[in-house]
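Chain by chain, the residues:
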Amino acid sequence: QVQLVESGGGLVQAGGSLRLSCAASGSFFNINAMGWYRQAPGKQRELVATITSRGRTNYADSAKGRFTISRDYAKNTVYLQMISLKPEDTAVYYCYAGIWATVTAGPYDYWGQGTQVTVSS
């Protein structure tokens, strides 16, 4: 069974930094794209950043210049470095991975349990 386990959320003042981590574990063949999404209270879940299996990145406009997504392929882990945080970045952040169960089965969408990021003004 595949699991995505997130860590690194918390409370930070505006202008501060946080680094989120998400590790995939379990039995699988390969991981396609990985990424981060977020959901603020009363709002829909939205893309923050993604990174492909080849390292190509994509960012939401709100994340460009402040957030950096990276990936450790050997550890099946994706990171989100966030700087210059703003109160509007407050949300539950969810890790995403597209995972191949076998060489012919997938990719299937997996989500982490979410980690709370709160930015105080």
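Quick caveat: nothing in here was measured; it's all calculated off a predicted structure.

About the cut-offs
- Within each chain, residue numbers correspond to sequence positions counted from 1 in written order.
- Local features in this predicted model are restricted to residues whose pLDDT is 70 or higher, and side-chain atom pairs enter the listing and the counts only when it is 80 or higher, whereas totals over whole chains, interfaces and linings include all residues.
- No hydrogens and no water enter the side-chain calculation; it runs on all heavy atoms of the structure.
- The salt bridge criterion pairs a side-chain nitrogen of Lys or Arg with a carboxyl oxygen of Asp or Glu, the two atoms within 4 Å.
- Three exposure classes are used, based on accessible area relative to the maximum for each residue type with a 1.4 Å probe and protein chains only: buried under 20%, partly exposed in between, and exposed over 50%.
- Counting from the N terminus, the helices are the DSSP runs of H or I reaching at least four residues and the strands are the DSSP runs of E reaching at least two.
- Strand pairing is assigned whenever DSSP identifies at least 2 bridges connecting the two strands.
- Our working definition of a disulfide is a cysteine sulfur pair at a distance within 2.5 Å.

For side chains bearing opposite charge, pairing can occur when the charged atoms are close. Counted according to the given criterion, the structure contains 4 salt bridges. Across the pair Arg-38 and Glu-46 runs a salt bridge, and its minimum N-O distance is 2.7 Å. Look at Glu-46 and you get partly exposed, because its relative accessible area is 36%. The residue Arg-66 makes a salt bridge to Asp-89 at a minimum N-O spacing of 2.7 Å. Here the residue Arg-66 occupies a position in the loop between strand E6 (57-59) and strand E7 (67-72), and Asp-89 occupies one in the loop between strand E8 (77-82) and strand E9 (91-100), the gap between them amounting to 23 residues. Of the two residues, Arg-66 and Asp-89, both sit in the buried class. Beyond isolated ion pairs, a larger network of salt bridges with shared partners links Arg-38, Glu-46, Arg-66 and Asp-89.

The side-chain alternation of strand E11 (residues 115-120) yields one buried face, formed by Thr-115, Val-117 and Val-119, and one unburied face, formed by Gln-116, Thr-118 and Ser-120. As defined by bridge partners, strand E2 (residues 10-13) adjoins E11 across 4 bridges and the pair is classed as parallel. By the bridge assignment, Val-12 is partnered in E11 with Val-119. Pairing geometry for E9 and E11, over 3 bridges, is antiparallel. Opposite Ala-91, over in E11, you have Val-117 as the bridge partner.

What follows covers the state of the cysteines. Applying the stated criterion across every chain yields a total of 1 disulfide. Put simply, Cys-22 and Cys-95 are joined by a disulfide, and their sulfur atoms are 2.0 Å apart. Classification of the bridge connecting Cys-22 and Cys-95 rests on its S-S torsion, roughly -80 degrees, and on that basis the disulfide is left-handed. Residue Cys-22 is located in strand E3 (residues 18-25), and its partner Cys-95 is located in strand E9; the two are separated by 73 residues in the primary sequence. For the pair formed by Cys-22 and Cys-95, the shared burial category is buried.

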